[in-house]
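Secondary and tertiary structure notes
Single-letter residue listing:
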Amino acid sequence: MKLLCFLTLQVSIQITPIGSSLPDKIDSLQMYSDLTNQQRMDSALVLLRSTSKDDVVSRRKLFNIIALGYYRTTEFDSSILYFQKAIALDSSRFDNDLFISERGLAKTYNQIGNLETSWKHIEKALFIAQELDSADNQASAYINMGNILLDNSSEDQVPQAIQYYEQALNLTTKPLTKASVYTSLANCHFALDSIDLALSLYEKSRDQYIALDKPDYAIIPMFNIALIHYDQADYNKALGSCRELEKLNNGSWNRIDSLELYNLTAITLRQLQRYPEAINYHLKSLKIVDHLQYIDTENVYLDIAETYTKVNNYEKAYTYLKLYKELHDSLNNVSQRQIVSELATKYETQEKQSKIEQLEIEQENLKLKADQEELIRYAIIFGSLLLLISASIIIYVIRQKLFAERAEQMIREQEQAKTQELLMIKTQIEAQEKEKQRIAQHLHDGVAGTLAGIKHTLSAQSGKDSAVLSQIDTAYHEIRTLSHHLANPQVFGDNLIYMIQKYLDEIQSLHSIEVDFQSPSLDQVNAINNILVEFHRIIQESVTNILKHAEATFIEVILTIREDEINLMIEDDGKGFDPEKTSYGLGISSIESRVRVLNGNMHIDSRPGRGTAIDITVPNV
């Protein structure tokens, strides 16, 4: 598996146009369009391995390339991890790549529905763009702000989204971006029922894309133009738009888009009384429906039935209306059953025309009486329906209230269970720490003291054995070191950052492995003393696991303190593993327990042959 992975990475690098320097290689990687998304990510990982850790600019660019690759494959957790790595390199260094990282986080959090965090990062991206005096980056940030409001907020937020889009339009110098903003503005005005303005903006967007020789980009505004013309009963213009769209459908459209186009074309032709052409497009729709589970399938059947009714083909109209009836699940079923019954009667009438002709005179005489009875029957049905609807609404409201109460109760129970679980975990951790403290104190005061006494006694005797004294001295220092590792760092009054650095230095010395530790200033660290105690244990557990399993040559530990959160990242270049196929041992379970007590979250990113990264984020409270 490692060899195959290595060969794949080599191929990726060979097909990438490489310049003479690392910046040239990265620029080529960003701009070369023939690479697949996976090839671009693998190439970036290979370059990352050979990039100096002091080269912040290059590493941030490569982290962004990898993060964007994960975003395109909807692996949003990994995308967030690499964007955060890019930011953690040096968040005070404002450049275009930091803007890309913050905007990328905003887009990713928006995709997973975390509106609050998404908005926080897009505001940071806008601030960076303003500091850099980059009009195009500011425009990009405003577009993302409008998209976030339009995707997640109610209609009363649409005017604010319009303001952001207009700010983007005034700032951008890129014609393609302007065309995209015109479509977004049109969507906003359509949502506010400003149809004429929306139509004008859709047409402006379409013309801009065509002028830029980007016909595929023009599909969305063109389809919306056709829909508006249809709703305004301007069927010739609607049909013209459909014809233009069909020319662009070169077989690359997905089935849903093709179905929507064929169905819109069919009902437009029906309105123009061009029934044979309409039926032809209905049949194209049916070929797609047979291979598609789609929410609007029932409306396709209803449209076909209505077209067949127009040409008096009641048999087929009845068939498709019956299909519609089987799919349809709403109160409209009552009226649709009546239509089905009438179509069935017409179909049976055609089959039994001779009998109907013989009964025409009798039916005429009974018509008046039948009409009167029918009026009475309809009145009864209508009244019953009103009662049924009223009862259904009352039952629905009551059930919703009961469901809401039950949901609230379940939430309370879950919160209580979580609180109890966290309390139990905290109690277990405190008990473990207390036992470690007891053992450490015993080693420090008891065993170490005894060894010191033996050494003193032997030193005072004549004919002392220097080798024995050396061994006793070594055992004494090992026991003191072990007691310090077991004990809570606060017991010995040492600075916690100093203790972590000292521990990692000992690991580097004893195991011949390179260790890099990055931390903020002591003023920032002292403010999170209680959290750092847990991080000290987490680092010990993680390093122990790396030494046991990873076969690594390098360990990197990065502590980052932000205004609202604290991040600890522990990464190695070892053999890695597949998280989905690996069961975690006591070490990882202990780390997870400590993270849960801190109200944080942990993400493990690892693949065979690519090392392991543990990313822990806790609130800064």
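Located above this text is the structure these notes cover.
Described in the following lines is the structure provided in the data block. The structure presented is a predicted model; accordingly, all values stated were derived computationally and were not measured. (Residues numbered from 1 in each chain as written. Predicted model: local features only at pLDDT ≥ 70, side-chain atom pairs only at ≥ 80, totals over all residues. Heavy atoms only, no water.)

Where helix α14 (residues 255-271) meets helix α15 (residues 275-289), the closest approach of the two axes is 8 Å, and the angle between their N-to-C directions is 160°. By the angle class used here, α14 and α15 are roughly antiparallel. Remark: the crossing between α14 and α15 carries left-handed chirality. Here α14 contributes Arg 255, Ser 258, Leu 259, Tyr 262, Asn 263, Thr 265, Ala 266, Ile 267, Leu 269 and Arg 270 to the contact with α15, which in turn contributes Tyr 275, Glu 277, Ala 278, Tyr 281, His 282, Lys 284, Ser 285, Ile 288 and Val 289. A class-by-class count of the residues in the contact of α14 with α15 yields 10 nonpolar, five polar and four charged. (Axes fitted to C-alpha atoms, helices over the stretch in contact; angles between N-to-C directions. Helix = DSSP H or I, 4+ residues; strand = E, 2+ residues; numbered from the N terminus. Parallel < 35°, antiparallel > 145°, perpendicular 65-115°, else oblique. Left-handed = near helix turned anticlockwise from the far one by under 90°. Contact = heavy atoms within 4.5 Å. Nonpolar A, V, L, I, M, F, W, Y, C, P; charged D, E, K, R; others polar.)

The next subject is the nonpolar core. Nonpolar side chains in soluble globular proteins tend to end up buried together. Of all hydrophobic cores here, the largest spans 54 residues; its most connected members are Leu 62 and Ile 66. Discounting residues that sit within four places of it in the chain, Ile 66 has contacts with Met 41, Ala 44, Leu 45, Leu 48 and Tyr 82. One finds Tyr 503, Val 525, Val 533 and Val 595 within the second-largest nonpolar core, a separate group that totals 36 residues. (Core = buried A, V, L, I, M, F, W, Y, C linked by side-chain atoms within 4.5 Å. Buried < 20%, exposed > 50% of the residue type's maximum accessible area, 1.4 Å probe, protein only.)

Looking now at the environment of Ala 550. Structurally, the position occupied by Ala 550 is in helix α23 (residues 529-550). Between the C-alpha atom of Ala 550 and that of Asp 572, which follows or precedes it by 22 residues, the distance is 7.9 Å. Setting aside chain neighbours within four positions, we find Ala 550 in contact with Asn 545, Asp 572, Gly 574 and Lys 575.

What follows deals with the packing of aromatic side chains. Under the defined criterion, the tally for this structure stands at 11 aromatic pairs. When the ring of Phe 63 is compared with that of Tyr 82, the centres are 6.0 Å apart and the planes differ by 45°; the resulting orientation is tilted. With a gap of 19 residues between them, Phe 63 in helix α4 (residues 56-72) and Tyr 82 in helix α5 (residues 76-89) connect regions that are remote in the sequence. Centroid distance Tyr 308 to Tyr 320: 6.0 Å. Interplanar angle 5°. Geometry classified as stacked. Of this pair, Tyr 308 sits in helix α16 (residues 297-310) while Tyr 320 sits in helix α17 (residues 314-327); the two residues are 12 residues apart in sequence, bridging distant segments of the chain. Judged by its relative accessible area of 16%, Tyr 320 falls in the buried class. Three or more aromatic residues link up through ring pairs in this structure, and these residues are Phe 63, Tyr 70 and Tyr 82. (Phe/Tyr/Trp six-rings, centres within 6.5 Å; stacked < 30°, edge-to-face > 60°.)

The buried fraction of strand β5 (residues 612-619) amounts to seven of the eight residues, a majority that puts the element mostly inside the structure. Pairing analysis gives six bridges linking strand β4 (residues 601-606) to β5, with the strands arranged antiparallel. What sits directly across from His 603, in β5, is Asp 615. Adjacent in sequence and paired antiparallel, β4 and β5 are bridged by five residues, among which Gly 609 carries a positive phi angle near 85°. (Pairing = 2+ DSSP bridges.)

To continue, consider helix α6 (residues 96-111). Between its terminal C-alpha atoms α6 stretches 23 Å, which fits the 22 Å expected from 16 residues at 1.5 Å a residue. Listed in full, the buried residues belonging to α6 are Asp 97, Leu 98, Phe 99, Ser 101, Glu 102, Gly 104, Leu 105, Ala 106, Thr 108, Tyr 109 and Asn 110. Among the structural elements, α4, α5, α7 (115-131) and α8 (135-152) are those in contact with the buried residues of α6. Two or three places before Asp 97, at the opening of α6, Asp 95 has a side-chain oxygen 3.2 Å from that residue's backbone nitrogen. The positive-phi residue at the C-terminal boundary of α6 is Gly 113, with phi of around 85°. (Expected span 1.5 Å × (residues − 1). Polar contact = N/O pair within 3.5 Å; in protein donor to acceptor, adjacent residues only side chain to side chain.)

We now examine the sheet that holds β5. Pairing in this open sheet of five strands is mixed, and the strands run β1-β2-β3-β5-β4 from one edge to the other. Looking at which strands have only one partner, the edges of the open sheet turn out to be β1 (514-518) and β4. Recorded for the sheet is a direction-independent mean angle of 10° between the axes of neighbouring strands. Here eight bridges tie strand β3 (residues 565-572) to β5, and the two strands are oriented antiparallel to one another. Note on β5: the bridge partner recorded for Leu 568 is Ile 616.

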